[in-house]
Amino acid sequence: MSFLTVAAATLPSVPLDFQGNRDRILESIRIAKAKGATVRTGPELEVPGYGCLDHHLEGDTFAHSWEVVADIISDEVCKDMLIDLGLGVRHRNVRYNCRVLCTYKRILFIRPKMSLAMDGLYREARHFTAWVKQLQSETYYLEGVIRQITGQKTCLIGDIVLSTRDTSIGCETCEEMFTPLNPSTYMSLNGVEIILNSSASHAELRKLKTRLDLIANSTRKTGGCYVYANATGVDGEARMLFDGSSMILLNGKPLEQGSQFSLEPVEVITATIDLEEIRSFRSSISRNVQAAHQPDYTRVEWDIQLSRSADEIYLSKSLQISTERQLRILDPMLEIWMGTSVYLWQYLVRTSAPGFFLSHSGGLDSSTVALFVYGMAKSVLSSIEAGSQTTLADLRRVTGISSLIPKTPEEIVRLLLTTCYMSTVNSSHETNSRAERLAAQIGARHLSIPIDEAVQASLSIIDKALQFTPKYAAEGGTRGENLALQNIQARSRLTSQYMLAQLVTTATQSPRAGAALLVLSSGNVDENLRGYYTKYDASSVAGDLAPLGSISKNDAKLFQRWALQAWDLPILEEFLTATPSAELLPLSAGVQDDESESEMGLTYTELSVFGILRKVQKLGPWSCYLHLLGEWKDRDLTPKQIAEKVMRFFRNYAINRHKATIITPSVHMSGYNPDDNRHDLRPFLYVVDWPFQFNKIRAHAEHLGNMMSKESAEGEDTTAVD
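None of these values were measured; they are calculated from a predicted model.

## What to know about the overall build of the chain
- The helix and strand inventory of the chain stands at 23 helices and 22 strands.
- Relative to the 2.2 N^0.38 estimate, which gives 27 Å for 722 residues, the radius of gyration of the chain is 29 Å and therefore close to what a compact globule would have.
- Overall, the C-alpha framework of the chain stretches about 90 × 85 × 50 Å when taken along its three principal axes.
- With 722 residues in all, the chain has 57% of them scored as buried.
- Contacts in the chain between residues at least 24 apart in sequence constitute 74% of all its contacts with a sequence separation of at least 6.
- Carbon and sulfur atoms provide 52% of the accessible area of the chain, an area that totals close to 29,900 Å².
- With 73 positive and 84 negative side-chain charges, the chain shows a spacing of 4 Å between the two charge centroids.

## Quick word on helix H2 (residues 59-74)
- Across its 16 residues, H2 extends 23 Å between first and last C-alpha, which sits within 8% of the 22 Å expected from 1.5 Å per residue.
- Along H2, the residues classified as buried are Thr-61, Phe-62, Ser-65, Trp-66, Val-68, Val-69, Ala-70, Ile-72 and Ile-73.
- Close packing links the buried residues of H2 with helix H1 (18-34), strand S3 (82-91), strand S4 (94-103), strand S5 (106-112), strand S6 (137-141) and helix H3 (144-150).

## Remarks on the nonpolar core
- Counting residues in each nonpolar core, the largest one holds 61 residues, and the members touching the most others are Trp-345, Phe-356, Leu-395 and Leu-572.
- Setting aside residues no more than four positions away along its own chain, Leu-395 makes contact with Trp-345, Val-380, Ile-384, Leu-404, Pro-406, Ile-412 and Leu-416.
- In this structure, Met-81, Leu-85, Tyr-96 and Cys-102 belong to the second largest nonpolar core, which totals 38 residues.

## As for helix H5 (residues 208-220)
- The terminal C-alpha atoms of H5, which comprises 13 residues, lie 18 Å apart, in line with the 18 Å expected from a rise of 1.5 Å per residue.
- Every buried residue of H5 is accounted for by Leu-208, Arg-211, Leu-212, Ile-215, Ala-216, Ser-218 and Thr-219. In a view along the axis of H5, the buried residues occupy a sector of 140 degrees, so they form one face of it.

## Comments concerning the pattern of salt bridges
- Under the counting rule described, the total for this entry stands at 36 salt bridges.
- Among the salt bridges present, the one from Arg-657 reaches Asp-680, with a minimum N-O distance of 3.8 Å. Of this pair, Arg-657 sits in the loop between helix H22 (639-656) and helix H23 (691-721) while Asp-680 sits in the loop between H22 and H23, and the two are 23 residues apart along the sequence.
- What makes Arg-657 buried here is its relative accessible area of 3%.
- One network of salt bridges, with partners in common, ties together Arg-614, Lys-615, Arg-657, Asp-680 and Arg-682.

## Points about the state of the cysteines
- Tallied over the full model, the rule gives 0 disulfides.
- Cys-78 supplies the cysteine sulfur nearest to Cys-102, a cysteine that is in no disulfide, at a spacing of 6.6 Å.
- Looking at the unpaired Cys-225, the closest cysteine sulfur is the one in Cys-171, lying at 14 Å.
- When its relative accessible area of 0% is taken as the criterion, Cys-225 is described as buried.

## What to know about the sheet that holds strand S20 (residues 417-423)
- Pairing in this open sheet of 4 strands is parallel, and the strands run S21-S20-S19-S22 from one edge to the other. Pairing within the sheet leaves two strands with one partner each, and these edge strands are strand S21 (445-450) and strand S22 (518-520). Across this sheet, the average inter-strand angle for adjacent strands is 25 degrees, counted without regard to direction.
- Across 6 bridges, S20 lies against S21 in parallel orientation. For Thr-418, the partnering residue across the bridge sits in S21 and is Arg-445.
- Across the sheet, helix H10 (residues 364-385) lies against strand S19 (356-359), S20 and S22, angled at about 160 degrees from S19, the strand it touches most.

## Observations concerning the sheet that holds strand S9 (residues 168-173)
- Strand order in the open sheet made by the 7 strands is S15-S14-S11-S10-S9-S8-S17, with mixed pairing throughout. Strand pairing shows two members of the sheet lacking a second neighbour, strand S15 (253-257) and strand S17 (298-301), which therefore form its edges. Strand after strand, the sheet turns through a mean of 25 degrees between neighbouring axes, direction not considered.
- Pairing analysis gives 6 bridges linking strand S10 (residues 194-199) to strand S11 (residues 225-230), with the strands arranged parallel.

## Considering the side chain of Gln-560
- As for its placement among the helices and strands, Gln-560 is situated in helix H17 (residues 553-566).
- In this structure Gln-560 comes out as buried when scored by relative accessible area, which is 0%.
- Every residue in contact with Gln-560, bar those within four places of it in the chain, is listed here: Leu-364, Ser-367, Thr-368, Leu-371, Leu-572, Phe-575 and Leu-576.

## Concerning the packing of aromatic side chains
- Using the criterion set out here, one finds 21 aromatic pairs in the structure.
- Centroid distance Trp-337 to Trp-567: 5.4 Å. Interplanar angle 80 degrees. Geometry classified as edge-to-face. Of this pair, Trp-337 sits in helix H9 (residues 332-351) while Trp-567 sits in the loop between H17 and helix H18 (572-577); the two residues are 230 residues apart in sequence, bridging distant segments of the chain.
- By relative accessible area, which is 9% here, Trp-567 ends up buried.
- The interplanar angle of 25 degrees and the centroid separation of 6.4 Å between the aromatic rings of Trp-690 and Phe-694 together place this pair among those described as stacked.
- In this structure an aromatic cluster arises from ring pairing among Phe-610, Trp-632, Phe-649, Phe-650, Tyr-653, Tyr-686, Trp-690 and Phe-694.
- Above the face of the Trp-632 ring, Arg-635 is positioned so that its terminal group lies 4.5 Å from the ring centre.
- Above the face of the Tyr-533 ring, Lys-659 is positioned so that its terminal group lies 5.2 Å from the ring centre.

## Quick look at the environment of Val-69
- Assignment of secondary structure puts Val-69 in helix H2.
- Taking C-alpha positions, Val-69 is 27 Å from Ser-259, a pair spaced 190 residues apart along the chain.
- Sequence-distant contacts of Val-69, defined by excluding residues within four places in its chain, comprise Leu-85, Leu-87, Ile-107 and Ile-146.

Rules of the game
- Residues numbered from 1 in each chain as written.
- Predicted model: local features only at pLDDT ≥ 70, side-chain atom pairs only at ≥ 80, totals over all residues.
- Heavy atoms only, no water.
- Helix = DSSP H or I, 4+ residues; strand = E, 2+ residues; numbered from the N terminus.
- Rg over C-alpha atoms; globule rule 2.2 N^0.38 Å.
- Buried < 20%, exposed > 50% of the residue type's maximum accessible area, 1.4 Å probe, protein only.
- Contact = heavy atoms within 4.5 Å.
- Areas by Shrake-Rupley, 256 points an atom, 1.4 Å probe, with all protein chains shown as cover.
- Lys, Arg positive; Asp, Glu negative; His and termini not counted.
- Charge placed at Lys NZ, Arg CZ, Asp CG, Glu CD.
- Expected span 1.5 Å × (residues − 1).
- Core = buried A, V, L, I, M, F, W, Y, C linked by side-chain atoms within 4.5 Å.
- Arc of directions from axis to C-beta.
- Salt bridge = Lys/Arg side-chain N within 4 Å of Asp/Glu carboxyl O.
- Disulfide = S-S within 2.5 Å.
- Pairing = 2+ DSSP bridges.
- Axes fitted to C-alpha atoms, helices over the stretch in contact; angles between N-to-C directions.
- Phe/Tyr/Trp six-rings, centres within 6.5 Å; stacked < 30°, edge-to-face > 60°.
- Lys NZ or Arg CZ within 6 Å of the ring centre and 35° of its normal.

Right under this line is the structure:
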């Protein structure tokens, strides 16, 4: 019997950080080898970084990637190991997203990706071309820097597999696994026993199980060992978060699984398998009839034995056969905690900013963002207490305190977060108090300042320019005046918060004096979708990053309920039960309930439904209406009422779509995220009344209503006769 130890490396994907990426790749190879692995794979495009975007078009990116490959295969740690690296390769002037299978001072072959990701967040065909020549290979002329090290002039590129003395190995890249006719199926039928999958799969709430089940199914029917290596951390746009969870499976059974979210720069999982288990699993007659029919692959032969004997395993002090384990699927609230922690921390570390500034309204959304920073501090402290020198060094660097050894998350928050309540004459004591007391409980530095002078200064300018003084609606003003007076308060906060963020470190004589804090915004995905916010205001959209921007209002509430118990923060009950209000109107206008249907037009739950129908299910107004006739049938809504909700949503969506062009970058966590920079490419100049669609909806609702009235009348007549 032969026993093979394989390794999957989970690494951050840092665009164009060739030195850092090289060092992390080499460290992962060292760790894999120390654990006994002879096969190592890593994330997709790990050499240049997956998120290079249009830098993938540059000659420098290809040249530097090959220079990094040269450095890696020159290191003796690669001896007697199969190393699978990801980088872009130009072949005959065509750019390919490739896996380069190599070892010490030798390139074995290059395997281009055959199915490119082009949905949602992905646009790979902008930068690469899919390899379309199935089961074919060509000659690739190696770069000079590689020739000098290997002595090779050429290698094969194409749809190729590797044969060694003891097994056969193939690879597929990310998206290929999710296609109906995935390459690993054909490779398995052709006798390939080890499939290496290098991925750059993104996080999305409640979606990990779906992805892991698909990976497990890859070898559940065909048999074989599947080694899946995913990237981790924030991409270069700060709009996508890779969520690790690298896995090793045998015949569909999970043997090892990496962390879903981690602050560590390098994580390596390994598993030792019995190759005979694959051969036994594939003994089915029906499977073998198909295998015998499978056309042959080009095979590159490598005269090496990668596996070990039973004697070596028995005598080893560290190696043992891996056994089946349960997959770890985080609760959605833990996903929010850990995902936002990684997002905030990596953004802070990569920008070398000294901390965050948050305009805290005393409401649920801004308090949730403050909790995210508190959760980040907890994760950072846990990482340091677990012995991470990288996390500790990064914390010391961003704070400027070289001897810092934190003892509590509150101590970290105190160093990294400044919150500010900016009041006007319309603000209440209750919201001010909540903001101040939450800051005290989580350890944040807190400011409380009135901004009425700034608002009045703007109104004075209007008076001088137009000889006109606007009034609130409650004081006899028009709707336009009422809205303008609300907006100037929100926009005055914007300018104040950025100046405060620039000067806090100087005023407090911080070790990082002169460095500006990153400004956090606190809009949620439902308000972004509906356009229910002031363009260029202080809290919803105007900031440097938006941790809540792709998370729903309902999930924000659920997270606060979870944190209330998990982190023992009873003050959160006040945020959950308070009537939400922007406090932009005078008391004479009455209580302003931002979540009431009369104020926003739809509930947050309904907004989530429309978000999913519009983006995930790809339905327009007419199809949304038809779908909701069935879905909302049990809500005792008439066809006319359902039609009105559909038309209200799409009209408001169209009117406010222009606001999406300036949404603060947020990490993608929701399938209906309306970010138009990358995920949701739509017009922002609409015919806002949708005349064709809305007229069709109105006519159908009226017709259906008449049918219901007729049936009801006929039923009453029958009852009278009886």
